[in-house]
Amino acid sequence: MNPLLRSQSGTPGSVATERGGGSAPIILATLAVPFEPDAARVAIQAALEGDAKLIVVDAVEMPFWPQSLSVRHADLELEEDRAAIRRLVERTAALGIEVEHLRVRSPRPVEALLDVAGERQAGLLVLGPDPARLPRRFFARAVKRIRKRASCLLWVAGEGP
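Residues numbered from 1 in each chain as written. Predicted model: local features only at pLDDT ≥ 70, side-chain atom pairs only at ≥ 80, totals over all residues. Heavy atoms only, no water.

Draft legend 1. How the structure looks around helix α3 (residues 79–94). Here α3 is 16 residues long and its end C-alpha atoms lie 23 Å apart, about the 22 Å a rise of 1.5 Å per residue gives. When we look at burial in α3, the residues that qualify are D81, R82, I85, L88, V89 and T92. The buried side chains of α3 occupy one side of the element, clustering within an arc of 120 degrees when seen end-on. Residues of α3 that are exposed and angled more than 90 degrees away from the buried face: E80, E90, R91 and A94. Residues of α3 that are buried in the fold lie against β1 (26–30), α1 (37–50), β2 (54–61) and β3 (99–106). Following α3 by one or two positions, G96 adopts a phi angle in the positive range, close to 95 degrees. (Helix = DSSP H or I, 4+ residues; strand = E, 2+ residues; numbered from the N terminus. Expected span 1.5 Å × (residues − 1). Buried < 20%, exposed > 50% of the residue type's maximum accessible area, 1.4 Å probe, protein only. Arc of directions from axis to C-beta. Contact = heavy atoms within 4.5 Å.)

Right under this line is the structure:
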């Protein structure tokens, strides 16, 4: 078995880091929409059981139009969606889990999400946007790109346990 995947405490969801200093972080990611409840539950349980840090990543598409920034038409995320994500972060922190919330704006949000997962050496990436809130083809293409390039375990919303 790969030493990076060997469970340090014997519980599912905990992934030992190569250095052996605790568990690799769990990333709960969305693409500018609120989380599917099952995805949030999986990520929070994995962080609790593995005593790992939870990194909540909200990857938002930023149009590549220079003039859109000056007239403030570059924000493609609804304020109520942003608030729902913040509430999830606050509730998770109240459970005693170390939580970091990142809002990443990029013309290529999926690639930006993969970059964050690689830089943070994630042990598990939970792709958890509510699939009903995204165009079906966009979500399918995003999942395909993430499966191809992810360097950690992956759990995708809407695909079951």
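Having seen the structure, we can now continue with the description.
Draft legend 2. Highlighting the packing of helix α4 (residues 109–119) against helix α5 (residues 136–149). Contact pair α4 / α5: the axes reach a minimum separation of 10 Å and the direction vectors enclose 30 degrees. Between α4 and α5, the crossing angle belongs to the class labelled roughly parallel. The way α4 lies across α5 gives a crossing that is right-handed. On α5, the residues that touch V110, E111, L113, L114 and D115 of α4 are A142, R145, I146 and R149. Here the contact of α4 with α5 is composed, by residue class, of five nonpolar, no polar and four charged. (Axes fitted to C-alpha atoms, helices over the stretch in contact; angles between N-to-C directions. Parallel < 35°, antiparallel > 145°, perpendicular 65-115°, else oblique. Left-handed = near helix turned anticlockwise from the far one by under 90°. Nonpolar A, V, L, I, M, F, W, Y, C, P; charged D, E, K, R; others polar.)

Draft legend 3. Representation of the pairing of β1. In terms of residue burial, β1 counts as a mostly covered element, since five of its five residues are buried. Of the two faces of β1, both are covered, the one formed by I26, L28 and T30 as well as the one formed by I27 and A29. Note that β1 and β2 share five bridges and pair parallel. Opposite T30, over in β2, you have D58 as the bridge partner. Judged from the four bridges that link them, β1 and strand β4 (residues 124–127) form a sheet pairing that is parallel. Note on β4: the bridge partner recorded for L28 is V126. (Pairing = 2+ DSSP bridges.)

Draft legend 4. Just the pairing of strand β5 (residues 153–156), in detail. In this sheet, β5 lies alongside β4 in parallel orientation, the contact comprising four bridges. Within the sheet, the bridge partner assigned to V126 lies in β5 and is W155. After leaving β4, the chain enters α5 and then returns to the sheet as β5, a path that is right-handed. (Right-handed = clockwise from strand over helix to strand, strands pointing away.)

Draft legend 5. Just the environment of G128, in detail. Within the secondary structure, G128 is located in the loop between β4 and α5. For the pair formed by G128 and A157, sequence separation is 29 residues and the distance between their alpha carbons is 4.9 Å. Contact partners of G128, with chain neighbours within four places excluded, come to A29, P34, F35, E36, A39 and A157.

Draft legend 6. Highlighting the sheet that holds β2. Judged by pairing direction, the sheet is parallel, and its five strands sit side by side in the order β3-β2-β1-β4-β5 without closing on themselves. Edge positions in the sheet fall to β3 and β5, since each of these pairs with one other strand and no more. The average angle at which neighbouring strand axes cross in this sheet is 20 degrees, direction not considered. Across the sheet, α3 lies against β1, β2 and β3, angled at about 155 degrees from β3, the strand it touches most. Lying over the sheet, α4 contacts β1, β2, β3 and β4, oriented at roughly 155 degrees with respect to β2.

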